[in-house]
Amino acid sequence: MTLVAAAMAVSVNAQIYVGGSVGVGSVKFGSDDAETTYKFMPEIGYNINQDWAIGVALGYQKGACVLGKGNYTQDTSTELLQFSPYARYTAVRTNLINVFVDGGIGFGSYKDMGTQFQIGLRPGVAVNLNDKISFVAHVGFVGFDSFSPKGDGDSSHTIGVDLDGNNIMFGMYLNF
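As the structure is a prediction and not an experimental result, all values here were calculated from the model.

Enquirer: Sorry, what's going on with the overall build of the chain here?
Expert: Each helix and strand in the chain was counted, giving 1 helix and 10 strands. When the helices and strands of the chain are listed from N to C terminus, the series reads α-β-β-β-β-β-β-β-β-β-β. Counting every position in the chain, which comprises 176 residues, the buried fraction comes to 28%. Considering only intrachain contacts with a sequence separation of at least 6, the fraction spanning at least 24 residues in the chain is 52%. Counting every atom, the chain has about 11000 Å² of accessible surface; 64% of that belongs to carbon and sulfur.

Enquirer: Please explain the packing of aromatic side chains as it appears in this structure.
Expert: Any two aromatic rings considered together are summarised by their centre-to-centre distance and by the angle between their planes. Counted under the stated rule, the structure contains 8 aromatic pairs. Considering the side-chain rings of Phe 135 and Phe 170, the 5.8 Å spacing of their centres and the 20° angle between planes classify their relative orientation as stacked. Linking Phe 135 in strand β7 (residues 133–139) with Phe 170 in strand β10 (residues 168–175), this pair joins segments that are 35 residues apart in sequence. On the basis of relative accessible area, Phe 135 is assigned to the partly exposed category, the value being 32%. Its relative accessible area of 48% is what places Phe 170 among the partly exposed residues.

Enquirer: Teacher, can you tell me more about the nonpolar core here?
Expert: Note on soluble globular proteins: their nonpolar side chains tend to be buried together. Ranked by size, the top nonpolar core spans 7 residues in total: Tyr 17, Ala 53, Tyr 86, Phe 100, Ala 126, Val 136 and Tyr 173. Other than its neighbours up to four places away in sequence, Tyr 86 contacts Tyr 17, Glu 43, Ile 44, Ala 53, Ile 54, Gly 55, Val 56, Ala 57, Asp 102, Gly 103, Gly 104 and Tyr 173.

Enquirer: Any chance you could explain the side chain of Asn 98 here in plain terms?
Expert: For Asn 98, the position within the fold is in strand β5 (residues 97–110). A relative accessible area of 10% means that Asn 98 is categorised as buried.

Enquirer: When you look at the environment of Asp 112 in this model, what are you seeing that I'm missing?
Expert: The residue Asp 112 is located in the loop between β5 and β6 (114–128) in this model. For the pair Asp 112 and Thr 78, spaced 34 residues apart in the sequence, the C-alpha separation amounts to 8.4 Å.

Enquirer: Honestly, the environment of Glu 79 in this entry has me stumped. Any pointers?
Expert: By the secondary structure assignment, Glu 79 is in strand β4 (residues 71–93). Distance in space between the C-alpha atoms of Glu 79 and Thr 37 is 9.9 Å, their sequence separation being 42 residues. The residues touching Glu 79, leaving out its near neighbours within four places in the chain, are Tyr 60, Gln 61, Lys 62, Ser 109, Tyr 110 and Lys 111. Polar side-chain contacts of Glu 79 include one of 3.0 Å to the side chain of Tyr 60.

Scoring rules and cut-offs
- Residues numbered from 1 in each chain as written.
- Predicted model: local features only at pLDDT ≥ 70, side-chain atom pairs only at ≥ 80, totals over all residues.
- Heavy atoms only, no water.
- Helix = DSSP H or I, 4+ residues; strand = E, 2+ residues; numbered from the N terminus.
- Buried < 20%, exposed > 50% of the residue type's maximum accessible area, 1.4 Å probe, protein only.
- Contact = heavy atoms within 4.5 Å.
- Areas by Shrake-Rupley, 256 points an atom, 1.4 Å probe, with all protein chains shown as cover.
- Phe/Tyr/Trp six-rings, centres within 6.5 Å; stacked < 30°, edge-to-face > 60°.
- Core = buried A, V, L, I, M, F, W, Y, C linked by side-chain atoms within 4.5 Å.
- Polar contact = N/O pair within 3.5 Å; in protein donor to acceptor, adjacent residues only side chain to side chain.

Shown next, in the form of structure tokens:
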């Protein structure tokens, strides 16, 4: 009985991955001081089978630098807490590279500013350095994004494709 329990534990552990992404940036616009932003997004997931996985990323971001419609905003006091569950489908699997797409929902709360909601697809690629470690990159977002400010401000809604160079995340996974 103990041997069966140990075998089941090892088999379950072989399907779990942990990791995430970390980002640091610095932006200087015109004569303004340079602003530093950082993001920490730990992640845990479970491989259901060879093609499908489920997971969740929890994140914290400090600072924001936004360009848009002739405006520029930089604010190092901006703080974001984020919760993003997802389902992952791996479309291409080789010994070295996996190509996947995450379909998920994201909830975010900006301190003293408002809330954000996302639903959509985020394509990615994993480079399997060995059986235990993978380097992961997500590129872009396809879907719906909504921001609701606190107070009397107008909500904003975006539907579309965002595949620019500012929407790339890099991370590492440890596979058990």
